[in-house]
Amino acid sequence: MFLTRFNVHVDFFDPRDGYNLKTLLRTNTKSIHLESPCSNTFEILDMSFNL
């Protein structure tokens, strides 16, 4: 992937499972980009859980 040259790592997760997002966070996480509705599925993200 293009961004790995700049030490940027990308992970994808199932938007229906908020807990799954928590497991992807690392100690060096600086940014989280979310789309709602999700690209191809048009699901609305529920961000009511606590990170």
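On a predicted model such as this, the values are computed, not experimentally measured, just so you know. (Residues numbered from 1 in each chain as written. Predicted model: local features only at pLDDT ≥ 70, side-chain atom pairs only at ≥ 80, totals over all residues. Heavy atoms only, no water.)

(A) Examining the overall build of the protein chain more closely. If you tally the helices and strands in the protein chain, you get one helix and zero strands. Split into buried and exposed, the 51 residues of the protein chain put 8% on the buried side. Within the protein chain, residue pairs in contact and separated by at least 24 positions form 32% of the contacts whose partners lie at least 6 positions apart. Total accessible area on the protein chain stands at roughly 4600 Å², and carbon and sulfur atoms take up 53% of it. (Helix = DSSP H or I, 4+ residues; strand = E, 2+ residues; numbered from the N terminus. Buried < 20%, exposed > 50% of the residue type's maximum accessible area, 1.4 Å probe, protein only. Contact = heavy atoms within 4.5 Å. Areas by Shrake-Rupley, 256 points an atom, 1.4 Å probe, with all protein chains shown as cover.)

(B) Local environment of the pattern of salt bridges. On inspection of all chains with the given rule, the structure shows one salt bridge. Between Asp11 and Arg26 there is a salt bridge, with its nearest N and O atoms 2.8 Å apart. Taken together, the positions of Asp11 in the segment before helix H1 (18-24) and Arg26 in the segment after H1 put the pair 15 residues apart, joining distant regions of the chain. (Salt bridge = Lys/Arg side-chain N within 4 Å of Asp/Glu carboxyl O.)

(C) Quick peek at a nonpolar patch on the surface. A contiguous nonpolar patch, built from Phe2, Leu3, Phe6, Val8, Val10 and Phe12 and spanning about 610 Å² of accessible area, is present on the exposed surface. The residue Phe6 is located in the segment before H1 in this model. (Patch = residues over 30% accessible without salt bridge, like charges linked within 9 Å, V, L, I, M, F, W, Y side chains within 5 Å.)

(D) Here's a closer look at the environment of Val10. Tracing the sequence through the fold places Val10 in the segment before H1. Distance in space between the C-alpha atoms of Val10 and His33 is 9.9 Å, their sequence separation being 23 residues.

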